[in-house]
Amino acid sequence: AEYMGTHKHKTMSLPLLVRKNIRDSEPKREEYLHVIKDILGQPYAFEVSFEEVHNKVDDYKDRVGDVVHEAYLGNFSDNLKNFCEDSANKEAFLNATPARKIVFRIDASIDDYHQIQFKDGACHIVVPPKYFWTNVDQVGRNLLQEVNQADNSDLPLVVRKNLRDNEEAKNQALARIEAALGQRYTFEMDVVAQYKVLAASDRADYKEQIGEIIFGNYGYLNGLANKLESLAQDDMVKEAINDAASSHQITFKFDKDCSSYNETKFINKVMTMTTTPGYFWTNVDQIGNTIESQL
């Protein structure tokens, strides 16, 4: 294996023209590693065995330095920059690469033009020999999917982003509820626990949209705000709701014993939206229909 700036003696088995191409391409490697450092705020090493690359590829054997350093590492850095414009993406990439290393490998077993793999704390650019120097502008174009697969957090990256992207909708619904009830309500939920229930259910296809479905414009909290605006027009009902939910908290949780598409209950003075995983995002407009009968 060859690390940046430490591998000159390891390429002596290669033909002179190849060694010169590797040497002459090293400034590009350093340039792109500086770009990556600027993107991530951390220095990354680059590892490649040019002997392996040279031995395994059929085409461009005399230009392996150009192809690896400029085509693959260069395009990867471009796509990484776009990916990391979202701070959540950047954090997830850093978490997936504690070794702070990028590795280039040739592997005939993969079917794609190239793959990004995360293993041993490093980011691997993996290319089959038959596709060497093919579609290189796409290297790292699907980092969201690849980082998400490598993310071992309790909540995967795409779920955290979905929750974050619907935070404003949540706040708007809570503001409407405050205006309707005359009291400030907060929303508290064990997101990890509810995500795990959903992920293990037959509605797991919706797990990456849990933020949108609970908080979004057509979600449960927004539907609850609609219902509370209607109910609170009667001062007696408004007073009863505030008394039943005197914690001034709202939550959402899955309840396998929920007897309809959804129910809104008052549990320990908390207004609790419930549904079964099997009815998640079904007839959401009915949320809150059980409130008045419980008061």
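Residues numbered from 1 in each chain as written. Predicted model: local features only at pLDDT ≥ 70, side-chain atom pairs only at ≥ 80, totals over all residues. Heavy atoms only, no water.

### Some points on helix α3 (residues 64-83)
Phase 1: The end-to-end C-alpha separation of α3 is 27 Å, in line with the 28 Å expected for 20 residues at 1.5 Å each.
Phase 2: Of all 20 residues that make up α3, 16 are buried, and the element is covered over most of its length. (Helix = DSSP H or I, 4+ residues; strand = E, 2+ residues; numbered from the N terminus. Expected span 1.5 Å × (residues − 1). Buried < 20%, exposed > 50% of the residue type's maximum accessible area, 1.4 Å probe, protein only.)

### Comments concerning helix α6 (residues 157-165)
Phase 1: Those residues of α6 that fall on the buried side of the exposure criterion are Leu-157, Val-158, Val-159, Lys-161, Asn-162 and Leu-163.
Phase 2: Buried residues in α6 make contact with α3, α4 (87-96), α5 (143-150), α7 (167-181), α8 (191-199) and α9 (210-215). (Contact = heavy atoms within 4.5 Å.)

### A short note on the nonpolar core
Phase 1: If you look at the biggest cluster of nonpolar residues, it comprises 43 residues, and the most contacted ones within it are Phe-76, Leu-80, Phe-93, Phe-104 and Phe-132.
Phase 2: Residue contributions to this core peak at nine residues, all from α3.
Phase 3: Beyond its immediate stretch of four places on either side in the chain, Leu-80 contacts Ile-36, Ile-39, Leu-40, Phe-93 and Leu-143.
Phase 4: Counting 40 residues, the second-largest nonpolar core is a separate cluster that includes Val-158, Leu-231, Ile-241 and Phe-252. (Core = buried A, V, L, I, M, F, W, Y, C linked by side-chain atoms within 4.5 Å.)

### Looking at the packing of α3 against α5
Phase 1: With their axes 11 Å apart at the nearest point, α3 and α5 run at an angle of 75° to one another. By the angle between their axes, α3 is roughly perpendicular relative to α5. Counting all contacts with α3, which are made through Phe-76, Asn-79, Leu-80 and Phe-83, the residues of α5 involved are Leu-143, Leu-144 and Val-147.
Phase 2: When grouped by side-chain class, the residues that make up the contact of α3 with α5 number six nonpolar, one polar and no charged. (Axes fitted to C-alpha atoms, helices over the stretch in contact; angles between N-to-C directions. Parallel < 35°, antiparallel > 145°, perpendicular 65-115°, else oblique. Nonpolar A, V, L, I, M, F, W, Y, C, P; charged D, E, K, R; others polar.)

### Here we look at the confidence of the model for the protein
Phase 1: Per-residue confidence for the protein gives a mean pLDDT of 94; residues scoring 70 or more make up 96%.
Phase 2: In this model, residues 1-9 is a region of pLDDT below 50 whose contacts with residues beyond four sequence positions or in other chains number 26 contacts. (pLDDT = per-residue confidence, 0-100.)

### A few points about the environment of Lys-61
Phase 1: Within the secondary structure, Lys-61 sits in the loop between α2 (50-56) and α3.
Phase 2: For Lys-61, a relative accessible area of 27% translates into the label partly exposed.
Phase 3: On a C-alpha basis, the gap between Lys-61 and Leu-17 in space is 9.7 Å, while along the polypeptide they are 44 residues apart.
Phase 4: When sequence neighbours within four positions are dropped, the list of residues in contact with Lys-61 reads Val-18, His-54 and Asn-55.

### With respect to unusual backbone geometry
Phase 1: Although it is not a glycine, His-248 sits at a positive phi angle of roughly 55°.
Phase 2: Along the chain, His-248 turns up in the loop between α11 (235-244) and β7 (249-254).
Phase 3: Of note, Lys-269 is a non-glycine position whose phi angle comes to about 70°, a positive value.
Phase 4: With respect to the helices and strands, the residue Lys-269 is situated in the loop between β8 (263-267) and β9 (270-275).
Phase 5: You can call Lys-269 partly exposed: its relative accessible area is 40%.

### What to know about the pattern of salt bridges
Phase 1: If you walk through the whole model with that rule in mind, you get 18 salt bridges.
Phase 2: A salt bridge links Arg-160 to Asp-151, with the nearest nitrogen and oxygen atoms 2.9 Å apart.
Phase 3: On the basis of relative accessible area, Arg-160 is assigned to the partly exposed category, the value being 24%.
Phase 4: Here Lys-256 and Asp-257 are joined by a salt bridge, their closest N and O atoms 3.7 Å apart.
Phase 5: One continuous salt-bridge network, built from bridges that share partners, spans Asp-86, Lys-161, Arg-164 and Asp-165. (Salt bridge = Lys/Arg side-chain N within 4 Å of Asp/Glu carboxyl O.)

### With respect to the sheet that holds β9
Phase 1: In space, the four strands of this open sheet follow the order β6-β7-β9-β8, with mixed pairing throughout. Of all the strands in the sheet, just β6 (186-187) and β8 have a single pairing partner and so form its edges.
Phase 2: Direction of pairing for β7 relative to β9: parallel, over a ladder of six bridges. Note on β9: the bridge partner recorded for Gln-249 is Val-270.
Phase 3: Along the sheet, helix α10 (residues 220-231) contacts β6, β7, β8 and β9; its crossing angle with β9, the most-contacted strand, is approximately 125°. (Pairing = 2+ DSSP bridges.)

### Quick notes on the pairing of strand β4 (residues 115-119)
Phase 1: Residues Ile-116 and Phe-118 line the buried face of β4, whereas the alternating positions Gln-115, Gln-117 and Lys-119 sit on a face that is not buried.
Phase 2: One ladder, built from five bridges, connects β4 with strand β5 (residues 122-127); its direction is antiparallel. Across the sheet, Gln-117 pairs through a bridge with His-124, a residue of β5.
Phase 3: Count of turn residues in the β4/β5 antiparallel hairpin: two residues, of which Asp-120 carries a positive phi of about 55°.

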